[in-house]
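# Fold and geometry: a report
So the chains spell out like this:
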Amino acid sequence: MNRLATLALLALTALAPAALAETPTEPGAPKTVAKVGERAPEFKLADLNGQEVSLADFAGKTVVLEWFNPGCPFVKYAHGDGPLKDLGNKSTTEGVVWLAINSSAQGKEGAGLDANKAAATQWGMSYPVLLDESGKVGHSYGATSTPHMFVIDSKGVLAYAGALDNAPMGKAEGGKPQNYVTAALADLKAGRAVATPSTKSYGCSVKYAN
Amino acid sequence: MTALLLLTALAAEPDGDQLVRVTAEAQPLQGAQPFWVALRYQVEPGWHIYWENPGQSGLKTDAAITAPPGWTVGPLVYPTPERFDLPGGIVNYGYEGEVALLFQVTPPRGVKGRDAPQLGIETDWLVCREACLRGAATLALRVGIKRPGAPLSEALARLPVDLSSLPGATQGWQDRATWRATLPGVTAAQLFPSVDLESALAGLETSPDPRGLTISLSLDPAAIHPDADLRAVIRLEGPSVPEGVRVALPPPPGGSTPHDGGP
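It should be emphasised that the depicted structure is a prediction, and the values quoted were computed from it without experimental measurement.

How each quantity is defined
- Residues numbered from 1 in each chain as written.
- Chains lettered and ligands numbered in written order.
- Predicted model: local features only at pLDDT ≥ 70, side-chain atom pairs only at ≥ 80, totals over all residues.
- Heavy atoms only, no water.
- Helix = DSSP H or I, 4+ residues; strand = E, 2+ residues; numbered from the N terminus.
- Pairing = 2+ DSSP bridges.
- Axes fitted to C-alpha atoms, helices over the stretch in contact; angles between N-to-C directions.
- Core = buried A, V, L, I, M, F, W, Y, C linked by side-chain atoms within 4.5 Å.
- Buried < 20%, exposed > 50% of the residue type's maximum accessible area, 1.4 Å probe, protein only.
- Contact = heavy atoms within 4.5 Å.
- Salt bridge = Lys/Arg side-chain N within 4 Å of Asp/Glu carboxyl O.
- Arc of directions from axis to C-beta.
- Polar contact = N/O pair within 3.5 Å; in protein donor to acceptor, adjacent residues only side chain to side chain.

Turning our attention to unusual backbone geometry. Here T146 of chain A and P147 of chain A are connected by a cis peptide whose omega angle stands at -5°. Within the secondary structure, P147 of chain A is located in the loop between β6 (145-146) and β7 (149-152). Within the chain, M169 of chain A stands out as a residue other than glycine whose phi angle is a positive 55°. Assignment of secondary structure puts M169 of chain A in the loop between β8 (158-162) and α6 (180-189). Of note, the phi angle at L152 of chain B is positive, near 65°, even though the residue is not glycine.

Attention shifts here to the sheet that holds strand β4 (residues 62-66) of chain B. Residue and element names in this part refer to chain B. Read across the sheet, three strands follow the order β4-β9-β10 without closing on themselves; strand pairing throughout is antiparallel. Strands with a single pairing partner mark the edges of an open sheet, and in this sheet they are β4 and β10 (132-142). Each neighbouring strand pair of the sheet contributes to a mean axis angle of 10°, computed without reference to strand direction. As paired strands, strand β9 (residues 118-128) and β10 are joined by eleven bridges and run antiparallel to one another.

All names here are of chain B. Where strand β11 (residues 161-162) meets strand β18 (residues 244-248), two bridges bridge the pair, whose relative direction is parallel. Considered in β18, the bridge of D162 is made with R246. Where strand β17 (residues 231-237) lies against β18, five bridges are found, and the strand directions are antiparallel. Within the sheet, the bridge partner assigned to R235 lies in β18 and is G244. What sits between β17 and β18 in their antiparallel hairpin is a turn of six residues.

All names here are of chain B. Reading across the sheet, the four strands line up as β12-β13-β16-β15 and stay open at both edges, with antiparallel pairing between neighbours. The open sheet terminates on both sides in strands that have one partner only, identified here as β12 (170-175) and β15 (201-209). Going across the sheet, the axis of each strand differs from the next one's by a mean of 20°, ignoring polarity. When strand β13 (residues 178-184) meets strand β16 (residues 212-219), the two strands line up antiparallel, connected through seven bridges. Bridge assignment links P184 to a residue of β16, and that residue is G212.

What follows deals with the nonpolar core. Membership of the largest hydrophobic core comes to 37 residues, with the highest contact counts inside it found for V64, F68, W98, M125, V129, Y160 and V181 of chain A. Residue assignment for this core shows that the elements contributing at least two residues are α2 (73-80), β4 (97-102), α4 (113-122), β5 (129-131), β7, β8 and α6 of chain A together with β9 of chain B. For this core, the element with the highest residue contribution is α6 of chain A, accounting for four residues. Apart from the residues within four sequence positions on either side, V129 of chain A is in contact with A46, D47, L48, F68, A100, N116 and A120 of chain A. In this structure, V37, Y41, L119 and I121 of chain B belong to the second largest nonpolar core, which totals 34 residues.

With that settled, consider the pattern of salt bridges. With the rule as written, the count across this model stands at 15 salt bridges over all chains. The salt bridge involving D81 of chain A is made with K85 of chain A; its shortest N-O contact spans 3.7 Å. On the accessibility criterion, D81 of chain A (65% relative accessible area) is exposed. With a relative accessible area of 39%, K85 of chain A lands in the partly exposed category. With its nearest N and O atoms 3.1 Å apart, the salt bridge here joins R158 of chain B to E243 of chain B. Pair noted here: R158 of chain B is in the loop between α2 (153-157) and β11 and E243 of chain B is in the loop between β17 and β18, with a separation of 85 residues, a long-range link. Members of the salt-bridge network, linked through shared partners, are K171 of chain A together with D124 and R134 of chain B.

All names here are of chain A. Among the residues of α6, Y180, V181, A184, L185 and D187 are the ones counted as buried. Down the axis of α6, the buried set is contained in an arc of 160°. They therefore lie on one face. On the buried face of α6, the contacting elements are β3 (63-67), α3 (87-93), β4, β7 and β8. The backbone nitrogen of V181 lies 3.0 Å from a side-chain oxygen of the residue at the head of α6, namely N179. Just downstream of α6 lies G191, where phi reads positive at about 75°.

What follows deals with the environment of E42 of chain A. Residues and elements named next belong to chain A. By the element assignment, E42 lies in the loop between α1 (3-13) and β1 (44-47). Note on E42: relative accessible area 51%, which makes it exposed. Placed 22 residues apart in sequence, E42 and V64 show a C-alpha to C-alpha distance of 14 Å. Ignoring sequence-local partners within four residues, the contact set of E42 consists of L55 and A56. Among the polar contacts made by the side chain of E42, one reaches the main-chain amide nitrogen of A56 at a distance of 3.4 Å.

Honestly, it's all geometry; don't read function into it.
This is the structure:
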């Protein structure tokens, strides 16, 4: 094998770690991914009734984005008896905007109007479920798992990105259970900086298109 | 016909408990000497389970071990993982096929044959293909003296070895944001960072070296907590190199920056 080919092979096999994975380039797709402390990417998506919802609609409000897939066991647990059973609905009554976003591509697990309508009904979700079948919004936020959570402050700046809590499927990893989204919302409400602005998310992979 | 129906039912509704079969095996007990126990996971073809850092989604395969008083149980150790590239650029770290996770048990001093303990093992996993399913198993393993135990040499051989055991290897901080290792005899390397290392990682470069390969990690010092667990496993390729090496990075020179990055 010649030297160039060897170099090419090295470049291919010495793969970048997950943290450095680039967003696939689609026409019009943003090149950089949302970062905590920076302006949250704009989006406009249809809800389950076909109504368009955009981030700009909620200027001046705290917004929570919940990456969603009704077929994912972590989502089923969280909405069934877990931490998302009431949190979204409760937060919306307290003036927070809560949006579920499903980036499952057409034909993939959790995709389609019917599955999402059934889940929203079953789990009594009072807030919109937005469909992002192209995955464009998911990629712009760097959403990799369900549930992957993002909190945007009233100035439109991303204040938290990461896991819902430290207890996948209710099993707290060392120490006491902590809900990072609840904590971030409390910090923002009190006018404090978010103490834990980013964590590592867990769960099913977002079912992006192949 | 019944069997066929049953198979169809299983195919339609896969179960996370059935996609992975777990068995436990221990090295023979020899007085108070520490011995290894292997948990073997046989994963259904096409599916994978996870390393201690699962990557951008997933969940680590975990096990809680209970032993009688006086018997101490070490941490779960993981063999060199593989990388799985999922649609949308999502990267997972884990295992397919058969994999053994191991832990070491140290008997109390003056242990007698009749003291041979029963270990309680509760393990759980996330198993994914396109979809993901949760699974769990509870096992009881009696560790005996007279019964011939499995030596577990194959499972132990799959654990990453310390980088310093690679002849001629060097490693260290170049400055407070760059850590570098030279890997003699290595033609390709793949980094598997711990969760804390991954969160501080800003760049990764490998370049050929006259003797092998150099791997350079750029880290964001502000993202390194004072008690950060900066570890990695590096999967190696080369004519006569181990499957993987493990590294534990000491805190960067000058320490972390307490003003930016939280607790």
